[in-house]
Amino acid sequence: MSAPLTPAEELAALDQLWGTEPTVWARLSSTDHKVIGKRYLVTAFVFFLLAGVMALVMRTQLAESGLRLLNPDLYDQLFSMHGTTMIFFFATPMLAGFGNYLVPLMIGTRDMAFPRLNAVSYWIYLSAGVFLYSSILGFASPNNGWFNYVTLANRQYSQGLNIDFYALSIILLGISSTVGAINFIVTILRMRAPGMAISNMPLFAWAVLATSFALVFALPVLTTANVLLELDRLAGFHFFDVAAGGNPLLWQHLFWIFGHPDVYIILLPAVGIVSTIVPVFSGRPIVGYLWVALAMMSTAIISFGVWVHHMFATGLPPVSLAIFGAASVLITVPSGIQIFAWLATMLVGKVRLTPPMLYMLGFLITFVLGGFTGVMFGAVPFDQQATDTYFVVAHFHYVLFGGSVFPILGGLLYWLPKMSGRLSNPRLGKWSFWLIFGGFHLTFFPLHIAGLLGMPRRVYTYLGGLGWDPYNMTATIGAFLTAAGVLVLIIDLVGTIRHGAPAGNDPWGADTLEWATTSPPPPYNFPAFVPVRSRHPLWDRRDRERLEEWDGPALAAEHHEVIITTMVEGSPDQLVVMPGTSHLPLALALSLLILFYGFLFSAELIAAVGAVAVVATLLGWWRQGRKP
Amino acid sequence: MSDTRFGDSGLDVHALPVGVEEGHRPLAWWGTMMFIATESTFFAALLSSYFFVRANSAQWPVGGVEIPPLGLAIPNTVLLLSSSAVAIAAERALRSGARSRFHLLSGMVLVMGASFVSVQMYEWSQAGFTPSTNVYGSLFYTITGFHGLHVVVGLVFILTVSIWDLRHASYNAERHLPVRLSFLYWHFVDIVWIFVFGSLYVFEHLAS
């Protein structure tokens, strides 16, 4: 071996090993989890804006009774695309973006366990989004809602490509999410910093772990449902065709076996963000760390036992209604534990009302209100009364907007200084919060009442004089206020990235490892693999000193490698050489895109070209991995 | 847990082994296991769909079609399951450094797997129904078809590592992770068949 490098030479060598050339072509091959994480965040935010604009158009149509801005078909496409985009292409990928960016930093390593697969996840996600949105070009967007019930979705009743765009894009996206979830699980279990026992890892990592396990077992069921549907539609099979013995309820079961865990797949990373931010701005460790971690895991498990509560109105036997009603009430317990943990943390701490913290409070209030109406649905007779009314719409927007969008937006403001190296404007942050918070409640609170008065969801207009008009006008005004708040937030984000004041390593005085490195972090994240022993390394005197003064062996600046640690204790196990940059992830995603367009148009030739390209890419991948 | 596990002098990263396989579970092993977990759920969902539709049908199979006979399926099952045993022997051979024995045995796995697929396709051609006959046909062909597809994928994995080793002599007693993972996948495919065979053949013949 050559002479030892000086620290400066060592950092330059690490930069060389882990960085990417600043050309477009090289960037397309990046496998850096921070680059991929940021791509996820930006892409998902764009989908958020697109679906938000659709919501505004719908609210405009519904401002007064009998308006003719939209025809029924366009309205169907809008609410279907709004729901599908928000659930599948915004909420889940946005949180995958946070996970990608933060998990390796928080657990003190240099990348995800499978960096090239990580790039595959992103590119397939983007491809699935492009695939879905290309439906707009043919005015053939999905028009059967985000849960796409058969028999309306059968070929017989939906002749166009609309439903095929939906089902195929969801299958494609499922590949991306599955690969991503597996990557998170292996990363979190085997790549934590030396000494970081699983019982000491950040709660955000717990949240991502619970979510990823739920994804691994929930997504194949959604994929099954959509595969069966496409076999019916494209190849003349009869799964959902009653005339040939098929069973339409099968779709509902499969969809909701996935669909209810999915609610928590969206919620869990968001509460992970809350459990990270609330303690920082309360100036103390979270109360009941272990309880919160256990609550996250048990939520993920119980979420698989409540799907039938979406089907209380389908004529199932009373015993199953009773069991699933009870399970639906049971699942509120872990959420309650977490809420009390956050409240206790704030109560015994000293709360700083920064913009991210405001968003956390907005989450708490909104989510608890959504939880209340959720408990109401656990009562079967009430559920059967309120099904398919605006009460349901109001409920799940409280849960999803409250439970997911507030933490996401607060998380963006919280980690922006780390990602951009710059501080955001607290005044704009507060304005955006109050506009979004006020606008949201103005929109959705009145819709509870409209729903109780009997207003059905998913209808493009309504009759006047039924007492629904004032609630609808209020809701529309609220929607535009929310949009104004989002606009202020975007101005804040862009302004910060362009010319915010330098943030320094740790502007918030936070406890987790991502704040121990520079803002933005270098490509290799940390110069060295420093042992940590505390749950709150930066609040622990000895961990902090070690992190600041570490001049021990910076891990092998001559190799592209990381330390692997044991699953429970986090003891150092071995070194593993990580794969480098590659264009094959992008090639694989493009090949799959061709294959899926082949399926869409039932064009054998295009599908064959896509399939051959997929196999060729995988073989190329194999060869690339074997090169010395 | 001790606070001074690494001392304050720090940990000696250079003393750690690099990318060892024996006695350790490499990252790729964990990834493959999670992949198998998600794939198993896919088959569980397909078989649950089968039983759900079956339980809610007045007559099964729908429209009085004939369930495929056991005469071919039983020997075919024996063939597939014994290929797993051969795969175990092949991996053992590689671990003990007997490379030509490894090549012979993995070749045997390939032949057995390919025969299984051929018999399955012959059985399809003999069945008195197609996927579009009714929901029973759809379920039968979808479940056996996806299983068959997984067999083919497993064969491609084993074929690839075998050809690679023949050409480059890349694997030995210490380093053979791709072989290990390909066989792991092969065992998964075989275990899934036990459930498919048990549900679509054994159960149906016992029930009728």
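Residues numbered from 1 in each chain as written. Chains lettered and ligands numbered in written order. Predicted model: local features only at pLDDT ≥ 70, side-chain atom pairs only at ≥ 80, totals over all residues. Heavy atoms only, no water.

(A) Local environment of the overall build of chain B. A count of helices and strands for chain B gives 5 helices and 0 strands. Secondary structure elements of chain B, listed N to C terminal, follow the sequence α-α-α-α-α. For 208 residues, the compact-globule estimate of 2.2 N^0.38 gives 17 Å, and the C-alpha radius of gyration of chain B, at 22 Å, exceeds that figure by more than 25%. Taken over the C-alpha atoms alone, chain B extends approximately 75 × 45 × 25 Å along its principal axes. (Helix = DSSP H or I, 4+ residues; strand = E, 2+ residues; numbered from the N terminus. Rg over C-alpha atoms; globule rule 2.2 N^0.38 Å.)

(B) Up close: the domain arrangement of chain A. Residue and element names in this part refer to chain A. Taken domain by domain, chain A holds domain 1 (7-582) and domain 2 (591-628). With centres defined by C-alpha atoms, the gap from domain 1 to domain 2 works out at 29 Å. Taken together, the contacts link 16 residues of domain 1 with 11 residues of domain 2. On the domain 1 side of the interface with domain 2, the three residues burying the most area are Arg116, Phe131 and Leu168, jointly 37% of the side's total. Inspection of the region where domain 1 meets domain 2 yields 0 salt bridges. Between domain 1 and domain 2 we count 1 residue pair in polar contact (both at pLDDT 80 or more) in total. (Domains from an automatic or database assignment. Contact = heavy atoms within 4.5 Å. Buried area = accessible area lost by both parts, 1.4 Å probe. Salt bridge = Lys/Arg side-chain N within 4 Å of Asp/Glu carboxyl O. Polar contact = N/O pair within 3.5 Å; in protein donor to acceptor, adjacent residues only side chain to side chain.)

(C) Inspection of the packing of helix H10 (residues 318-330) of chain A against helix H11 (residues 332-348) of chain A at higher detail. Residue and element names in this part refer to chain A. Where H10 meets H11, the closest approach of the two axes is 5 Å, and the angle between their N-to-C directions is 10 degrees. Our classification of the angle between H10 and H11 gives roughly parallel. For the pair H10 and H11, contact is made by Ser328, Val329 and Leu330 and by Thr332, Val333 and Pro334, respectively. Residue composition of the contact of H10 with H11, grouped by class: 4 nonpolar, 2 polar and no charged. (Axes fitted to C-alpha atoms, helices over the stretch in contact; angles between N-to-C directions. Parallel < 35°, antiparallel > 145°, perpendicular 65-115°, else oblique. Nonpolar A, V, L, I, M, F, W, Y, C, P; charged D, E, K, R; others polar.)

(D) Fine view of the interface of chain B and chain A. On the chain A side, the residues contacting the 50 residues of chain B number 58 residues. Each partner contributes to the roughly 4,500 Å² buried at the junction of chain B and chain A, and carbon and sulfur atoms together form 71% of this total. In this structure, the connection of chain B to chain A is made through 6 residue pairs in polar contact (both at pLDDT 80 or more). Put simply, the parts of the chain that give the side of chain B that touches chain A at least two residues each are helix H1 (27-55) and helix H4 (135-168) of chain B. Per-element tally for the side of chain B that touches chain A: the top contributor is H1 of chain B, with 15 residues.

(E) Representation of helix H4 (residues 72-106) of chain A in the model. Residues and elements named next belong to chain A. Between its terminal C-alpha atoms H4 stretches 48 Å, which fits the 51 Å expected from 35 residues at 1.5 Å a residue. Taking the largest bend as the criterion, H4 deviates by roughly 35 degrees, centred on Thr85. Of all 35 residues in H4, 31 are buried; the element is thus mostly enclosed. (Expected span 1.5 Å × (residues − 1). Bend = angle between axes of the 7 residues up to and from the residue. Buried < 20%, exposed > 50% of the residue type's maximum accessible area, 1.4 Å probe, protein only.)

(F) Quick look at the environment of Phe52 of chain B. Following the sequence through the fold, Phe52 of chain B ends up in helix H1. Through-space distance from the C-alpha of Phe52 of chain B to that of Met34 of chain B is 26 Å; in sequence the pair is 18 residues apart. With sequence-adjacent residues up to four places away left out, Phe52 of chain B is seen in contact with Asn247, Leu249, Leu250 and His253 of chain A.

(G) Structural view of the packing of H4 of chain A against helix H8 (residues 248-282) of chain A. Residues and elements named next belong to chain A. Between H4 and H8, the least distance of the axes is 10 Å, while the angle of their chain directions is 40 degrees. Comparing the axis directions of H4 and H8 gives the class oblique. H8 is crossed by H4, and the crossing has left-handed handedness. The segment H4 lies against H8, with Ile87, Phe88, Ala91, Thr92, Leu95, Phe98 and Met106 engaging Phe258, Asp262, Ile265, Ile266, Pro269, Ala270, Ile273 and Thr276. Here the residues of the contact of H4 with H8 sort into 12 nonpolar, 2 polar and 1 charged. (Left-handed = near helix turned anticlockwise from the far one by under 90°.)

(H) Seen up close, the pattern of salt bridges. On inspection of all chains with the given rule, the structure shows 12 salt bridges over all chains. As a salt-bridge pair, Asp165 of chain B and Arg99 of chain B come within 2.8 Å of each other at their nearest N and O atoms. Of this pair, Asp165 of chain B sits in helix H4 while Arg99 of chain B sits in helix H3 (residues 99-126); the two residues are 66 residues apart in sequence, bridging distant segments of the chain. A relative accessible area of 1% means that Asp165 of chain B is categorised as buried. Several salt bridges converge on common partners, so that one network encompasses Arg155, Asp164, Glu230 and Arg233 of chain A.

(I) Expanded view of the side chain of Glu204 of chain B. All names here are of chain B. By the secondary structure assignment, Glu204 is in helix H5 (residues 177-207). On the accessibility criterion, Glu204 (2% relative accessible area) is buried. Setting aside residues no more than four positions away along its own chain, Glu204 makes contact with Tyr50, Arg54, Trp60, Ile67 and Ser199.

(J) Region of interest: the pairing of strand E2 (residues 572-577) of chain A. Residues and elements named next belong to chain A. Of the strand pairs in this sheet, strand E1 (residues 561-565) and E2 are connected by 5 bridges, and their pairing is antiparallel. Paired with Thr565 across the bridge in E2 is Pro572. Here E1 hands over to E2 after 6 residues, with Gly570 in that stretch at a positive phi of 75 degrees. (Pairing = 2+ DSSP bridges.)

(K) Local environment of the nonpolar core. One finds Phe88, Phe98 and Trp415 of chain A to be the most contacted residues of the largest nonpolar core, which totals 258 residues. Among all residues touching Phe98 of chain A, those that are not within four sequence positions of it are Leu41, Val103, Phe204, Ile273, Ile408, Gly411, Leu412 and Trp415 of chain A. (Core = buried A, V, L, I, M, F, W, Y, C linked by side-chain atoms within 4.5 Å.)

(L) Structural view of helix H9 (residues 289-302) of chain A. Residues and elements named next belong to chain A. For H9, built from 14 residues, the straight-helix expectation of 20 Å at 1.5 Å per residue is met to within 8% by its first-to-last C-alpha distance of 20 Å. Taken together, the buried positions of H9 are occupied by Tyr289, Val292, Ala293, Ala295, Met296, Thr299, Ala300 and Ile302. Along its buried surface, H9 packs onto helix H7 (203-235), H8, H10 and H11.

(M) Expanded view of the confidence of the model for chain B. Residue and element names in this part refer to chain B. Summary statistics for chain B give a mean pLDDT of 91 and a share of 93% for residues scoring 70 or more. Segment residues 1-9 is flagged for pLDDT under 50; beyond a separation of four residues in sequence, or across chains, it makes 16 contacts in the model. Note on the complex model: pTM 0.95, ipTM 0.93. (pLDDT = per-residue confidence, 0-100.)

(N) Broad picture of unusual backbone geometry. Along the chain, Ser519 of chain A connects to Pro520 of chain A via a cis peptide bond; the corresponding omega equals -10 degrees. Looking at where Pro520 of chain A falls in the secondary structure, it is placed in the loop between helix H16 (469-499) and helix H17 (541-549). The peptide bond linking Trp60 of chain B to Pro61 of chain B adopts the cis configuration, its omega dihedral lying at -10 degrees. In this fold, Pro61 of chain B is placed in the loop between H1 and helix H2 (70-95). The residue Asn148 of chain A is not glycine, and still its phi comes out positive at about 50 degrees.

(O) Structural detail: the confidence of the model for chain A. This prediction gives chain A a mean pLDDT of 93; 97% of its residues lie at or above 70. When pLDDT is averaged over each element of chain A, helix H3 (residues 33-61) of chain A comes out on top at 98 and H10 of chain A at the bottom at 81.

(P) Structural view of a nonpolar patch on the surface. Residue and element names in this part refer to chain A. Taken together, the side chains of Leu442, Met473, Ile477 and Leu481 define a hydrophobic patch exposed on the protein surface, amounting to about 290 Å² of accessible area. Broken down by element, the nonpolar patch gets its largest block of residues, 3 residues, from H16. Counting through the fold element by element, Leu481 comes out in helix H16. (Patch = residues over 30% accessible without salt bridge, like charges linked within 9 Å, V, L, I, M, F, W, Y side chains within 5 Å. Areas by Shrake-Rupley, 256 points an atom, 1.4 Å probe, with all protein chains shown as cover.)

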